[in-house]
Each structure stands twice: as structure tokens, then as C-alpha cells.
Amino acid sequence: MRLRRALPLIAIGCALLAFLLGRFEPARALALESGRHALAAAAVVLACLAAGRLAILLALKITRAEAGIAIRHSDALLIGFPVLGTVAALLAWTPLALAPSLRSATAALAVIGAILLWRERPASRFPHRLLLLPILLALAMALVPVTSPDELIYKLAAPHAYLLFDRMQQLPLNSHSYATLAPHFTDMASLALTGGIAAKLARFALFLAALAAVNRLARRFTPHPEWVVAILAWSPALALTAGWCWDEWGLIGLVALCLDRWLEWSETTAPAAAAIAFAAAGAAAATKYTALPFLAAFAVVVLIRARHQRRLIAGGALIVAILGGFFYMRNLIWTGSPVAPLLERGAPPILAYRTAEQWGGWRELMRGSYIFDAGMIDESLGVLLPLAAIAALLAWRRREMRDLLIIGGIQLPILLTISPIAHNLTAALLPLAIAGGVMLIEIGLLWRIFATIAIVAQAVVIVFVAETYDLDIYLGGKKTAAQYVAGRFDFAAPYEWIRVSTPESSRVLLLGETRTFYLERQFIAGGNLDGPRIADWLARYPSPDALRTELRRIGVTHVLLRTNGYRVLATNSRPLTLIEREQMLEVPPTVDDVVRGLLSSSTLRYRDANFVIVEI
């Protein structure tokens, strides 16, 4: 239908929609709230398109490749998301006012992105029916206010803290703030525009781009790539995070893009394809620490396949360093460790995350915890993804898949050893899942029947976890965003008191509470597994007066204690559960005496069943 003919129908549709929203208040409230976040997310996505296009052009320039290769919008978005984050981080290191500079930079890049999108409109293709439910779930999760623990504690809380401090700086009690890499600074741009829902909607667009990249990679080997994509999209640990500000889908998309363009170079020796592969690898390094084993494995393959093309290898190394090196250099300057808090004293026990034991990832692999873990349901990979990784062994005789097997095979034992959390394994599982998924598809109808049954079982797990987030309460218009958050979290009341009753210059130390995203004052707090780090810091001060002197020196005006997140260590204390280890502050009696002395000698300002706030 031509645009001129469509305009009257669009106008009539808008009038009918306005009539509906005018009559039905819950739909109007949700539409207005979601609409402003959607506009902000659209601006961020357009800015990422522009940033990604510029990064790809830089990569082509470095490798002296012709620019005639097609640059897909989804490729530009995947690469541009961390590139925009690097730009935002650089702005956060300047003396410029952070929020206004972020808005200005995002707006300028968004205009360029809109021009690119207008000139080269993307081909519209309706998602395969296998993927509709994961996509709809991801959209629903993205539309709901921020509720996932990691977002509340550091994934969005760290960039939120930078906005409150008006600059990027060390957050020394939150060890995860060092691992806040490029995508979280892109989230910071969303936060500067409207808030957390905008950040999640921008991540939803990244999820769609990642699905497209995996689909293209799988299409190289099978005419039915949708079944391979479904293996990833229906994995509970990945389906649940698709609408959150977690890094897994961005990393999946970048790894898929890198492998797809590398295989294209292997077939055509076109330098432009290799340039985009290197740009994707650099962007992956800026996305998440778990991309480093992928980078090492990819480097092995490049050195083998392109060993006689030194200029190409040198150009690739430079591209990766430019696009992926900033945050490692930042950490090196701050702490002496490029991968802080790893290699630092007091680093959280990531290696023993699941079991509190060394080699925990291998133990949990043998126990089958990665398939399903009743204690961490949202970290379950389900049946299809592990099965596809095992089936990858059948693909060894397929020459066109050997690079996938090498890259996945090098990574998996490394990640099982150093980062044994299910969603952290995805960079290794992706190439194996592609190869194994293709082999499984070749079984034919029997495989599709089995896969359908497995998808139904995994869907039950996904729905069970998603239901705990009460999506219907917010999406059904029963509560506003503020009411939804207040109904879910006990910190809502004390944070509201702080917002209303303290000056904007206040700074709060939080003890036993790590969920800081909704706190609207400058704060000092820990992150996941940072209880020992905070306890060691408190132990430096032998008396309440010594602690008070230090707090005043660093500008703290209030101390918040969450009583049910604080425990005094005793000889007969039971071991902490996994969830308690993540968030609990456990201190020895000597430190407790200092903390209690500080609280009792300060002015009580707020108290409820779980929280105490004093002014020092």
C-alpha cells in the first residue's frame, strides 16, 4: 500500500486509539509511561546504529578494506551498543556535567542513526513462530520496572551511582563496579534520558539483533536455522535475561557476528569481512570479561588460518585494542589489575560461586545443575542447549564447522573453571550449540518432536520464574511503577524517606543492603558477594569514633542498616546459603561492637521492621 493511501487509515487508527485510551485509564497510564521510555530507548538504539557504523568504517580503514561490503543495521547495532558505552564512559571521565553531556551525545548520534535508517531501510521479516513466545516474554520483562537482583545491585546501580556522583569513579566497596563495562554505560545514557525501563527496552532491541545474528550464522549450515536459534532462545537462563540489562545476549550476538563474518572471510578472503569480525571481537571484549576466553580462542584460529597475512592480523589486533581496551586500561589505572576485582585482594569468590568450593563448575557439571537447579532455577540451561553442545562432537568431520568447535572447545573448560555461572558459559556454548544444533536437525522429524517436548518443559520453568515477578500487576495497569516497586521491595519505604527528608547533598553508607538502584542520593555500598570486603573495611576502625571520623572524611552523612541483611558471626553460626552469601554482611563481634556503637551514638532518623537510618 502506498504511503499516500495509507495516511488516512493511519490517521483514523490514531483517532480510534486515542478514543480507546481516553476511555480506559489503566491502558492510558501504561501507554504514557511505556511510551516515553520507548522514545528514549529508540534514541539510544539509533545512536548505537550510528556508533556501530562509525566503528565499522574505522575497522575498514585500519585494514585498508574496500567499503563495498553490506553493513547490516543489526551488525551496526550489536557493535555500536558497546561503542556508545565507551563514548559515554569517556564523557564520564571529563569535567563536563554528566547527564546533559550524555543526552547531547545520544541525541546527536541518534540523528545520524535516523538518517542511516531512512536511507537504508531494514528488510522486515516476521520472526519464526518458534521464537514468538521468547520475544513476547522478553518484551514483557523489558516493560516492567527494574526488579532483577543484579540490576538492582550493580548492573544498573553502578551507572546510576556515576550519574549521582556526576562522574565515573571508583566505587571501592562494590567490587562488581570494576566489571561494569561498556554496555552498562550505554544503559547510563538511557538512565539519563528517562530511566531503567528505557535501558531494558534498548536491551530488548539488542536481543532481537542477536537473534538475527545467530540466525544468519546457523543459515550457513542448515536450511532450518530457526531450530538452532530456538535452542538458545528457549534456554531458561537466557530467555529470562533477554528483557533485562544483562550482557549475555549482546555477547551472544557479537560472537555470532564475529564467527559469521570470519567464515565469510574464510570463503572469500574479503578483508572487509575480516574487519567486521575483528570489530565484533573488540566490541565483545568491551562487553563482558567472559569474552576474553573467546578472544583467545578466536586469536588461535586467526593465527592458524591467516598466518601468512601479517598486515591483516596486525590490523585486527589494533581494532580489538581500540574498541575493546578502554575499560581494562581504566581498571589498570585504578587498581593495577586490568580485570579488577579479579587478581585483587578481597575479590569475591567467583570461582567457587555455586558451591563455595574450588572447581565448583566442574562439580556442578557432573551433578547436572546446569540442566536444572532447584536452588537457582533462573540459572538452569534446560535440556536443548547442553544436548546441542554434546552433539557438537558429531560435527568434527565437517570441515566448515571446525573453527566453531575449536573456538567453543577452548573456551568451555576455561569458563567452567573460572566463571562457573550458567549464563557466563554462553560465549563458549554458542559455537558448540550451532554445530550441534545442525547435527540434531539432520535427524529429521524425530528430533523436532523431541525438541518440541523439551521446549514445552522448559517453557514451564520459564513461566514459573517469570510469574514470580508479577508482570500482570504492572502490565495490567493495576499499579504504577512506584507502587509496583513499593509492593515488591522492603527498601522502598526507607529510600522514599531519604528522598523526601534529606538534602540532595547527602551521602549514605549502606550496611547489609546492596540493592541501590532506586536510591536517589549518593551512596557507598557493596555488591554481590562483597560482605567479606565490607567487613574487612569496617575492621580497620577500632572504635565508633574512628569509624565516624572516616565516614565524615569521605562525606557520609547518613548510615542505613538493613537488620535482616546483617549478621554477627558466631562459632555455632550455620553456613550462609548461596543467596545469603550474595547479599549478607557478616561481621565478627568486635566489628559489630563498633557498628552498634556508631549507631547508638548517632541521631536516629528512621526505623521500621527491617531498616534503621541514623544521621552521623
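Residues numbered from 1 in each chain as written. Predicted model: local features only at pLDDT ≥ 70, side-chain atom pairs only at ≥ 80, totals over all residues. Heavy atoms only, no water.

1. Some details on the pairing of strand β7 (residues 611–615)
- For β7, the buried fraction is high: four of the five residues fall into the buried class.
- Of the pairings in the sheet, the one linking strand β3 (residues 558–562) to β7 comprises five bridges and is antiparallel in character. In the strand pairing of β7, L560 is matched with I613.
- Here strand β6 (residues 603–607) pairs with β7 via four bridges, running antiparallel. Its bridge partner being in β7, R607 is matched across the sheet by V612.
- Between β6 and β7, which pair antiparallel in sequence order, lie three residues. (Buried < 20%, exposed > 50% of the residue type's maximum accessible area, 1.4 Å probe, protein only. Helix = DSSP H or I, 4+ residues; strand = E, 2+ residues; numbered from the N terminus. Pairing = 2+ DSSP bridges.)

2. A closer look at the packing of helix α5 (residues 129–143) against helix α10 (residues 225–233)
- Interhelical geometry of α5 versus α10 gives an angle of 25° and a closest axis separation of 9 Å. Accordingly, the angle class assigned to the pair α5 and α10 is roughly parallel. Two packed elements cross with a definite hand, and for α5 against α10 that hand is left-handed. Where α5 approaches α10, its residues L130, L131 and P134 are matched on the opposing element by E226, W227, V229, A230 and A233.
- Looking at the contact of α5 with α10, its residues break down into seven nonpolar, no polar and one charged. (Axes fitted to C-alpha atoms, helices over the stretch in contact; angles between N-to-C directions. Parallel < 35°, antiparallel > 145°, perpendicular 65-115°, else oblique. Left-handed = near helix turned anticlockwise from the far one by under 90°. Contact = heavy atoms within 4.5 Å. Nonpolar A, V, L, I, M, F, W, Y, C, P; charged D, E, K, R; others polar.)

3. So, the nonpolar core
- Of all hydrophobic cores here, the largest spans 194 residues; its most connected members are I79, M188, W249, W262, F298 and I434.
- Among the elements that make up this core, the one with the highest residue count is helix α9 (residues 196–219) (15 residues).
- Beyond its immediate chain neighbours, meaning those up to four positions away, M188 contacts A88, A92, L98, L102, P159, Y162 and L163.
- L509, L511, V587 and V614 belong to the second-largest nonpolar core, a separate cluster that totals 25 residues. (Core = buried A, V, L, I, M, F, W, Y, C linked by side-chain atoms within 4.5 Å.)

4. A word on the sheet that holds β3
- Within the open sheet, the five strands sit side by side as β2-β1-β3-β7-β6. Their pairing is mixed. Unpaired on one side and paired on the other, β2 (522–524) and β6 mark the two borders of the sheet. Ignoring strand direction, the axes of neighbouring strands in this sheet form an average angle of 25°.
- The pairing of strand β1 (residues 507–511) with β2 spans three bridges and is parallel. What sits directly across from R507, in β2, is Q522.
- Across the sheet, helix α7 (residues 157–165) lies against β1 and β2, angled at about 130° from β2, the strand it touches most.

5. Details of unusual backbone geometry
- The peptide bond linking A340 to P341 adopts the cis configuration, its omega dihedral lying at 5°.
- Along the polypeptide, P341 turns up in the loop between α16 (326–335) and α17 (360–367).
- With phi around 55°, R64 is a residue other than glycine that occupies positive phi space.
- Locating R64 in the fold gives a position in the loop between α2 (25–62) and α3 (73–92).

6. Re the environment of L206
- Inspection of the secondary structure puts L206 in helix α9.
- For L206 and S74, which are 132 residues apart along the polypeptide, the C-alpha to C-alpha distance reads 8.3 Å.

7. Focus on the pairing of β3
- Most of β3 sits inside the fold, with five of its five residues counted as buried.
- Judged by which residues are buried, β3 turns out to be covered on both faces: H558, L560 and R562 on one side and V559 and L561 on the other are all buried.
- Two strands pair when backbone bridges link them, and β1 and β3 are joined in this way by four bridges, in the parallel orientation. By the bridge assignment, L509 is partnered in β3 with V559.

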